[in-house]
Every structure is written in structure tokens, then in C-alpha cells.
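Understanding the architecture of this molecule
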Amino acid sequence: MNYFKNYIVTNIFLLVISAIMIFISVFNFKQHKRTSKYILVITGITILLSIAETLEEYFKSIAAAEATTFVAFLQYILRPVCIVLFIFLSKGQPKGKFSILFLAPLIVNFVIFLLAFIPGAREYVFMFIDNGAGGIKFIGGPLRFVSHLIGILYLAYFLYVSVISLKLKHISNAVTILFCILMIVSCVLIETFFNDNGDIHLLYTGIMICVMSYYLFLFIEKGKHDALTGLFNRSTYYQDLLRMEVSATAVIQLDMNGLKYLNDNFGHAA
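The structure presented is a predicted model; accordingly, all values stated were derived computationally and were not measured.

**Side note on the overall build of the protein chain**
Of regular secondary structure, the protein chain possesses 10 helices and two strands. Starting at the N terminus and ending at the C terminus, the protein chain contains elements arranged as α-α-α-α-α-β-β-α-α-α-α-α. In terms of overall size, the protein chain is more extended than a compact globule, its C-alpha atoms giving a radius of gyration of 24 Å where 270 residues would be expected to give roughly 18 Å. Across its three principal axes, the protein chain shows a C-alpha extent of roughly 85 × 40 × 40 Å. Per-residue burial for the protein chain yields a buried fraction of 36% across its 270 residues. In the protein chain, of all internal contacts separated by at least 6 residues, the share reaching a separation of at least 24 is 61%. Approximately 17000 Å² of the protein chain is accessible, and the part contributed by carbon and sulfur atoms is 69%. The averaged location of the 15 negative side-chain charges in the protein chain is 8 Å from the averaged location of its 20 positive side-chain charges.

Right, dumping it as C-alpha cells:
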């Protein structure tokens, strides 16, 4: 019961944000299936990771080594998955033949941390041993950092995506991605270097803040486009006129003969 109360208190912001995002995703699922699916999956994994973190402390206290190993294994393999899913949410993943290669580090990460269940190999990854006081302690091997390195690799790729967005003048998208990267990195650094007592849990809440921020960005961007054609709408045109009143030297206007006839007889879709 104490662990349950501690989980609720420690993760109250995570749970509130997750509940909001689940409600929004379910409510808008028919209109935004793709976005809603990714948000629901990321939210589910994030909550699972936060529960696993609490369960790890509990299993340590009762000296349940195998159970502790399993929940630690989940955390090591699922943290990079959250970053990859966020990249897919932002449509920043590579296309074509490189799409499979993009997922290769996740497969490598999974295989390496399976060693934690193999006697004689687990010391290269991580293991839990009796601490002599009725509990167990963590012993980390050199390969335990693979998950961190893969996470950094995907964040570096995400940073590359934001730079490309800047070059293409997609300022809002680039700024939103940079905010999410800084949020995740800041949470990791705080948990790593300012968490001597182990009572600071920011990463998963940070991930959900990023999800909420990116959803708000998508919502705002949708309001700039025409629902039928996907092109920028009139309000965006007027905003751009104000923004480009110094740099723009001409405006081109196009008209199409017979458009009304097509709409009236064959419908807007045609």
C-alpha cells in the first residue's frame, strides 16, 4: 500500500497528463486515427515504465531477483521505443529502404538485454545480488549503457530532423521538436546527476509533456490548412502577408475555368 501511495504521489502529474491525452485521443480517434494511435501507444508505454520503476523498488525490498530483473529489462528496452514512436508521430522517420534500418538499433538493444536472463552472461549487462540485509542490489555491466547510447542516437537523429525543418522554413515544427529534445535531455540529466536519494522521477512526465506539446502543435497547424485541399487557408494567407510585407515583391493569383461546373456535377472530391 505504501508503494502504491508513493507511486500516485510521485507520478501525479504524469497520471493527470496521461488521462487528458487518453481522453483527447479517444474522443478524436475517428478524425485523427494515426495521431491518436501513436499517442495512445506512447501514453500506455510511459505509464507501464513508471509502474515498472516502482515495482523494481518493491521487488528489491523483498529480494525478488528475477522479478526485479524483468521490470528492469522492460525499462531498458522500452525507453528508446518511446523516442522512436515520437519520431513516427512527427513523421520524421526515414522512408523507403532505410525505414527497416531505422529500427535496427531497437532490435540490437532487445537482444543485448536478453543476456540479463542468461547465467554467465548477465554480468556483462546487469544483475541483482543479495545485499546481505534482506534485499538485493544492482550490479551493472559495461553493456548496460547500450540503451542510453541508442536513445542518444535517436535523439541526435531527431535533432537532425529539426535542422532540416529549419532549412525548409518549417519554423514551428523545428521549434516544437527542439523543445521536446531539450525536455527529455533535461529530465535525464536531472535524474542522473541530481537524484542521490532516488526520489526524483521526471523523465516519464517529461515525455508526456512532449506528447501534449506536439499534439497542440498539430492542432494549431491543422487550423492553418483547408480541410478539403490540404492547402494553406485564407487566414494563413493574411498572416503571411503581414509577415512578408517587406520581403515579398509579388503575389500570383490563379483562376480555373469550369471549376463550379465540376463541383456542382461531380462533387468537391472530384
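Once the structure has been displayed, the description carries forward.
**Observations regarding the nonpolar core**
Counting residues in each nonpolar core, the largest one holds 52 residues, and the members touching the most others are Phe86, Phe113, Phe126 and Tyr154. Going through the elements one at a time, helix H2 (12-27), helix H3 (33-61), helix H4 (65-89), helix H5 (98-113), strand S1 (126-130), helix H6 (146-167), helix H7 (171-193) and helix H8 (203-222) are the ones with two or more residues in this core. The element contributing the most residues to this core is H4, with 15 residues. Setting aside residues up to four positions removed in sequence, Phe86 forms contacts with Ile42, Phe158, Cys180, Cys210, Val211 and Tyr214.

**A short note on a nonpolar patch on the surface**
A surface patch of nonpolar side chains, about 620 Å² in accessible area, is lined by Phe70, Ile107, Phe110, Val111, Leu114, Phe117 and Ile118. Tracing the sequence through the fold places Phe117 in the loop between H5 and S1. The class of Phe117 is partly exposed, set by a relative accessible area of 32%.

**So, the packing of aromatic side chains**
According to the stated counting rule, one finds 20 aromatic pairs in the structure shown. Judged by centre distance (4.5 Å) and plane angle (15°), the rings of Tyr76 and Phe113 are stacked. Within this pair, whereas Tyr76 is found in helix H4, its partner Phe113 is found in helix H5, the two being separated by 37 residues in sequence. Residues Tyr76 and Phe113 agree in their burial class; the two are buried. Their ring planes at 75° and their centres at 5.7 Å tell us that Phe86 and Phe158 sit as a pair that is edge-to-face. With Phe86 in helix H4 and Phe158 in helix H6, this residue pair connects regions lying 72 residues apart in the sequence. The same class applies to Phe86 as to Phe158, namely buried.

**Some points on H3**
For H3, built from 29 residues, the straight-helix expectation of 42 Å at 1.5 Å per residue is met to within 8% by its first-to-last C-alpha distance of 42 Å. Phi turns positive, to about 60°, at Ala63, one or two residues after H3.

**Focus: the side chain of Ser162**
With respect to the helices, strands and loops of the structure, Ser162 is situated in helix H6. Among the polar contacts listed, one links the side chain of Ser162 to the backbone oxygen of Leu159, at a separation of 2.6 Å. For Ser162, the residues in contact, after removing those within four places along its chain, are Ala174, Ile177 and Leu178.

Rules of the game
- Residues numbered from 1 in each chain as written.
- Predicted model: local features only at pLDDT ≥ 70, side-chain atom pairs only at ≥ 80, totals over all residues.
- Heavy atoms only, no water.
- Helix = DSSP H or I, 4+ residues; strand = E, 2+ residues; numbered from the N terminus.
- Rg over C-alpha atoms; globule rule 2.2 N^0.38 Å.
- Buried < 20%, exposed > 50% of the residue type's maximum accessible area, 1.4 Å probe, protein only.
- Contact = heavy atoms within 4.5 Å.
- Areas by Shrake-Rupley, 256 points an atom, 1.4 Å probe, with all protein chains shown as cover.
- Lys, Arg positive; Asp, Glu negative; His and termini not counted.
- Charge placed at Lys NZ, Arg CZ, Asp CG, Glu CD.
- Core = buried A, V, L, I, M, F, W, Y, C linked by side-chain atoms within 4.5 Å.
- Patch = residues over 30% accessible without salt bridge, like charges linked within 9 Å, V, L, I, M, F, W, Y side chains within 5 Å.
- Salt bridge = Lys/Arg side-chain N within 4 Å of Asp/Glu carboxyl O.
- Phe/Tyr/Trp six-rings, centres within 6.5 Å; stacked < 30°, edge-to-face > 60°.
- Expected span 1.5 Å × (residues − 1).
- Polar contact = N/O pair within 3.5 Å; in protein donor to acceptor, adjacent residues only side chain to side chain.

Limitation: the analysis is restricted to geometry and does not speak to function.
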